[in-house]
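Observations on the model geometry
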Amino acid sequence: MERMENLLYEAAVEGNVATLLELLQQDRLILDKVVMNRVRETPLHVAAFRGHLDFAQEILRRMPELAGELDSRRLSPIHVASQKGYIDIVKILLQVNPDMCLARDVEGRNPLHLAAMRGRIEVLGELVRARPLAAYATTIWGETVLHLCVKHNQLEALRFLLEITDDPHFLNAKDEYGMTILHLAVADKQIETINYLLMNTRLEVNALNTNGYTALDILAQSRRDTKDLDIADSLRSAGAFKAIEIQSSVNRNNNIGGVRSTAMAFVPQEQIKALPSGCVNLQQTFKKEDWLTRKRDSLMVVASLIATMAFQSGLNPPGGLWQDDSQANNNNNNNTGGEHQAGTSIMAYKYPSEYSQFLSYNTVGFIASLSIILLLITGLPFKRRFFMWVLIVIVWIAITSVALTYRVSILVFTPKQDERVVTRVMEYGVAGWCGVMALLLVGHTIRLTANFFKKVESLFGKRRRPYIYYYT
């Protein structure tokens with residue numbers, strides 16, 4: 001008996017219908033015995049996994065109940081065929097037992113979930129037509145099929161499912177951690193998915209997860225990336241805010257009446273219910289926020305990138321490091337750079353003056369960028385013009401240091417025959433850049449000074465009230 005079962009499984013692997021018919025002639029109950037005594041998947045599971053349509057049809061014709069059998073992970077044959085994308089096998093399995101669309105494996109996933117994870121669009125269409133309710137089922141972690149599309153970066157599958165469903169609750173469903181599909185897309189930096197989701201007016205862009213974070217909070221806490229600027233701009237354009245911004249707006253407007261529900265359409269329903277009755281329109285409030293509040297995340301990313309560049313340049317200066325030790329030798333000083341030690345900068349030996357400049361500029365840029373990060377996370381009142389002026393000066397220093405570091409590096413790399421032309425171009429370029437930065441700095445300084453004198457004049461004007469004498 002064991003030998004015949006092995007032959008049956010080998011036939012399933014190869015899709016050999018002739019061997020199957022031969023085994024059935026020898027023992028008409030072989031399929032029943034395999035099901036009764038099996039400790040692994042059925043031959044139909046194997047045929048579905050390998051995509052053998054004829055073999056699967058022959059088994060289902062003789063024993064259709066095999067379509068409902070589950071393996072050790074509670075996977076049915078239609079689970080397997082859906083995951084592999086074998087549309088013809090999925091169709092014949094649906095004809096035999098369409099209710100298996102709702103069957104769940106050990107992780108609570110039905111065949112539609114597995115098809116979405118692999119981006120099997122045709123299979124998704126067949127499964128949804130057979131049992132539409134399968135699209136609304138959730139896994140043991142509370143994930144919908146939309147969550148799985150985003151987690152596995154299947155944008156086309158996500159588009160397909162959202163085009164055939166028009167349920168805002170389904171679109172904004174949360175998993176057991178309170179994460180919506182927008183939370184997941186932002187955490188994984190899927191720009192195309194984020195932009196597609198933000199085009200849907202039914203999407204709640206300020207939904208909170210179980211930790212009280214919005215999608216914009218998730219972006220701020222994630223690893224830094226060059227995509228952060230575009231994602232932050234897209235979210236802000238769609239009316240996204242951080243949780244602390246929403247709460248601060250609620251607190252500021254706690255005693256102001258006249259709530260208009262249409263103006264609050266972009267705020268989650270549960271957040272609206274929690275708002276005081278006197279809260280005003282959040283969107284109008286945040287339009288009054290200063291530039292730095294709206295661009296804080298972008299500035300943080302720029303400062304982090306400058307700090308990373310400066311750190312890497314410090315560890316690996318232009319020209320690299322010596323790989324060996326060498327003693328001074330009159331015969332080969334020009335070739336080896338004289339006496340040097342392994343792990344030290346080649347540029348420091350060859351161009352000591354330029355290396356000193358490079359190190360100075362790079363260090364200033366590194367410290368300035370770290371200062372920007374520190375100032376942004378300490379929560380200083382940047383609405384005050386003095387603190388804004390201080391931040392602008394530090395940003396100016398950081399960017400100018402990067403430009404000067406670049407200048408020194410390029411001049412060291414340039415061959416002698418091209419040195420004159422490159423030097424002239426670099427000098428003009430850096431001089432122009434420094435001129436622009438100086439104009440900006442002077443402009444902001446003049447504004448700061450003018451505002452300071454206005455405040456002083458206003459203060460003294462209030463203290464010296466003129467007396468008016470009436471003569472009769």
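Residues numbered from 1 in each chain as written. Predicted model: local features only at pLDDT ≥ 70, side-chain atom pairs only at ≥ 80, totals over all residues. Heavy atoms only, no water.

So, the nonpolar core
Note the cut-off: Take the buried Ala, Val, Leu, Ile, Met, Phe, Trp, Tyr and Cys residues and link them wherever side-chain atoms come within 4.5 Å; each set so joined is a nonpolar core. Only protein chains enter the accessibility calculation, which uses a 1.4 Å probe; a residue is then buried when its area is under 20% of its type maximum, exposed when over 50%, and partly exposed in between.
Among the nonpolar cores identified, the biggest contains 75 residues, and Leu127, Leu158, Leu182, Leu197 and Leu235 are the most heavily contacted of them. By size, the runner-up hydrophobic cluster in this structure holds 13 residues, among which are Leu299, Ala303, Ile394 and Ala398.

A closer look at helix α6 (residues 77–84)
Definition in use: Each helix is a run of H or I in the DSSP string that is no shorter than four residues. Each strand is a run of E no shorter than two, and both are numbered from the N terminus. Residues are treated as being in contact if the distance between any of their heavy atoms lies within 4.5 Å.
Burial analysis of α6 places 6 of its 8 residues in the buried class, which makes it a mostly covered element. Tucked inside the fold, the buried residues of α6 contact α4 (43–50), α7 (87–96), α8 (111–118) and α9 (121–130). At the exit of α6 stands Gly85, carrying a positive phi of roughly 85°.

Looking at the confidence of the model for the protein chain
What counts is decided by this rule: pLDDT measures the predictor's confidence residue by residue and takes values from 0 up to 100.
Scored by pLDDT, the protein chain comes out at a mean of 80, with 80% of its residues at no less than 70. This model gives residues 465–472 a pLDDT under 50, and the stretch forms 0 contacts once residues within four places in sequence are excluded.

With respect to a nonpolar patch on the surface
Our working rule: Each patch is built from residues that are more than 30% exposed by relative accessible area and take part in no salt bridge. Like charges join if they lie within 9 Å; nonpolar side chains (Val, Leu, Ile, Met, Phe, Trp, Tyr) join within 5 Å. The Shrake-Rupley method, run with a 1.4 Å probe sphere, supplies the accessible areas, and residue values consider only the shown protein chains as cover. Salt bridge, as applied in this entry: a Lys or Arg side-chain nitrogen positioned within 4 Å of an Asp or Glu carboxyl oxygen.
Taken together, the side chains of Leu102, Leu133 and Tyr136 define a hydrophobic patch exposed on the protein surface, amounting to about 320 Å² of accessible area. Structurally, Leu133 is set in the loop between α9 and α10 (145–151). Of the residues examined, Leu133 reaches a relative accessible area of 66% and is grouped as exposed.

Considerations on unusual backbone geometry
A positive phi is found at Arg74, a non-glycine position, where the angle reads about 65°. Here Arg74 shows up in the loop between α5 (53–62) and α6. For Arg74, a relative accessible area of 44% puts it in the partly exposed group. For Lys189, which is not glycine, the phi torsion reads 55° and is therefore positive. As for its placement among the helices and strands, Lys189 is situated in the loop between α13 (181–187) and α14 (191–198).

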